[in-house]
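Inside the fold
What follows is each chain in one-letter form.
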Amino acid sequence: MGKKKGFIENLGKIYGYYTLGFLAFVILMAVLEQVGVPNSVIGYLFIAMTICIYAVIGVLARTAQVSQYYVAGREVPPVFNGMATAADWMSGASFVGMAGSLYILGYDGLAFVVGWTGGYVLVAILLAPYLRKFGAYTVPDFLGSRYGGNFARLIGIVILFCCSFTYVTAQTYATGIITSRFLQIPFEWAVFIGLTGILVCSMLGGMRGVTWTQVAQYIVLIVAYMVPVVILSYQITGLPIPQLMYGGVLEKITALEQSIGVTKLTVQPFTNYNPLNFFGLIVCLMLGTASLPHVLMRFFTTPGVRSARLSVGWALLFIFFLYFTAPAYAAFAKYEIYANVIGSQITALPDWVALWSNVGLLTIADGNGDGILQLAELKINRDIVVLATPEIAGLPYVISGLVAAGGLAAALSTADGLLLAIANAFSHDVYYRMVNPKADAETRLIVARILLVVIAFGAAMLARTKPADILSMVAWAFSIAASGLFPALVLGIWWKRANKAGAVVGMLVGFGVCMWYLVGTRYGGMDLIFGVGNISAGLFGIPAGFITMIVVSLATKSPSIEMQRFIDELRIPRGKALAQNR
Amino acid sequence: MASKSEQHWAKTRTLMWIVLAIWAFFSFGIHAFVEKLNAITFLNFPLGFYMASQGSLIAFVVLIFWYARRQHTIDKKFDLHEKEGK
């Protein structure tokens, strides 16, 4: 114990040295490139080195204690839990795809920026402190205790599985793509290297291992995101503060857009989404954020209720650093393309254009055959904006390696959080709570680890088939979580009258309506209702869940006196955790 | 006379509604006026665009820390905060 206390007290120093070490590594790579080490070696070193670091942390954080495995011993200080949450939250898609979505959608893409940040306000005021006071190991654990019984728990597990498994498959896929490109091995094998990278963080140390690797991964991903855009900002505007400087660039983009006759201006709202879909998407993303089990479970690891609240603030601050940079990324990339690529002779385009069109992420078709590139003749995949920026800005290859390491860190950290959320629901809620409540600590940890490997392997096998449908279903996770879990979680804390019957029916109806709209509009040929897009299916599921839960609760008898006392206890910070967790 | 924990919860609930109102304003309210705000320029940004890309985000971060402080004050007032060391 003595040694571990020292670890917590010295976290600042340890991660400070780690950050310096990482920067030194980047500089070393830059030097190696200058002395003529080939690019492939640089890329290889970036991937191998960072995975090795995560593996070392994963091994050092191994544990044989149940509370360490499930909630990192509940001793993670708010700032570090904030960093871990930020890494847990920002997926490969946030890192690689967000700026691209903003590039393509302009103002309307900001629905993602607002939606994926504002949800944390709901986490802070409505859920995190109370769930922390309850002292659960998992989200279904809370549902099971509050709504008396395994039925509510089981529905919680089903919803958790539906929203988290597609998501973890997509993250495994992303690790495979990055690994295969930079280690130059076939994708089918790269997926398994990615899988190893995921498992080394989580298998030995559970939540403890994942927490401390996620902090390390946050540092890698934020450095990797900032460096290229800061350089780009310096090149275009003369000042290395992209977040402040891109306002002027937006003005230039607008002027360029008007001169080449673009009808949908970047800064003009509601050109791709109408207001209903813009605000509907914000609602679904926010409520989804506040219900996704892999996010909520991070706030079970803080020392107390007050630190859980603070920790949400830190998490959002660390997320904010990336999200307020993404629109700048998009603006600089767009400016480069409008100013230097559009209107050029097609035969005289910069090298990176050919490079990316070779891998199919960019297509050029000289529609009118005049040999000059028009905007309509250029089609860009959204992933290109972040990945190609180093080349667009003419930066050395070391920056590309850094971006790859950042994308890998983002995908690995999210995959770890999701995997642990799923495996823990099965090992803690299904096995321990429902199948074998007498299991001893050792057996429980063995079961937890076996399930972790099985689920990870399942996700990797699925990712290996490059399932296009699964990948596009990731955005569904938010609507599913919001419709199925949000009403039961929030009303469970804020409304004493909410009872078992109400919660069970409410979860089933919310989840059912959401799935019906998602599957119906995508596969069933169903028409959109009021034009609400598939991605915002929660607009139907959330009210359906709330209304049925309230109506059914009121129509059945109120919860027992003991349950009401339990809720009173939940609402005050003082006192012991309520869950009976050994 | 309401008990200590009832009074504490009443205060907590009021704070929750206040925070929720501010949250709703920065999530939806302000963006409903984006077209009007875009006529104003702020740091070279059209203001409506700025609010969605940075302004609301900053408000969310500040709001959470402010809430954490307020709630802790309420907890302490009713002597229901956690003991030292938490």
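Described in the following lines is the structure provided in the data block. By convention here, each chain's residues receive numbers from 1 onward along its written sequence. Key to labels: chains lettered from A, ligands numbered from 1, both in the order written. Side-chain atom pairs in this predicted model are given and counted only at pLDDT of 80 or more, local residue features only at pLDDT of at least 70, and totals for whole chains, interfaces and linings cover all residues.

**Remarks on the overall build of chain B**
In this text, helices come from DSSP runs of H or I with a minimum length of four residues, and strands from runs of E with a minimum of two, each type numbered from the N-terminal end. In terms of helices and strands, chain B carries three helices and two strands. Counting from the amino terminus, chain B carries its helices and strands in the arrangement α-α-β-β-α. The quantity called the radius of gyration is restricted to C-alpha atoms. Its globule counterpart is 2.2 Å times the number of residues to the power 0.38. Relative to the globule expectation of 12 Å for 86 residues, the C-alpha radius of gyration of chain B, 18 Å, shows a markedly less compact shape. With respect to the principal axes defined by its C-alpha atoms, chain B has extents near 55 × 30 × 10 Å. Put plainly, a residue is buried at 20 or more neighbouring C-beta atoms within 10 Å of its own, exposed at 12 or fewer, and partly exposed in between, counting only other residues' C-beta atoms, which are placed from the backbone. Expressed as a percentage of its 86 residues, the buried residues of chain B come to 38%. Across chain B, contacts joining residues at least 24 apart in sequence account for 56% of those joining residues at least 6 apart. With C-beta atoms placed from the backbone, a contact is any residue pair whose C-beta atoms sit within 7 Å.

**Comments concerning helix α24 (residues 538-555) of chain A**
All names here are of chain A. Look at α24: 25 Å from first C-alpha to last across 18 residues, which is about the 26 Å you get at 1.5 Å a residue. Along α24, the residues classified as buried are G538, L539, F540, G541, I542, A544, G545, T548, M549 and S553. Here the buried face of α24 lies against α13 (275-289), α22 (476-494) and α23 (500-522). By this rule the span expected of a helix is its residue count minus one, scaled by 1.5 Å.

**Description of the interface of chain A and chain B**
Every contact between the two is made by 41 residues of chain A and, on the other side, 37 residues of chain B. Among the secondary structure elements, those contributing two or more residues to the side of chain A that touches chain B are α7 (110-134), α12 (242-259), α13 and α15 (305-323) of chain A. Looking at the side of chain A that touches chain B residue by residue, the classes come out as 27 nonpolar, eight polar and six charged. Here the nonpolar group is Ala, Val, Leu, Ile, Met, Phe, Trp, Tyr, Cys and Pro; Asp, Glu, Lys and Arg are the charged ones; every other residue, Gly included, is treated as polar.

**Some details on the packing of helix α5 (residues 78-89) of chain A against helix α11 (residues 206-237) of chain A**
Residues and elements named next belong to chain A. Axis angles are defined between N-to-C directions and span 0 to 180 degrees, where every axis is a line fitted to C-alpha atoms and, for a helix, only to the segment in contact. Between α5 and α11, the least distance of the axes is 8 Å, while the angle of their chain directions is 70°. Accordingly, the angle class assigned to the pair α5 and α11 is roughly perpendicular. Facing α5, whose interface residues are F80, M83, A84, A86, A87 and D88, α11 presents T211, Q214, V215, Q217, Y218 and L221. Across the contact of α5 with α11, the residue classes break down as eight nonpolar, three polar and one charged. Roughly parallel here means an angle under 35 degrees, roughly antiparallel means over 145, roughly perpendicular means 65 to 115, and every remaining angle is called oblique.

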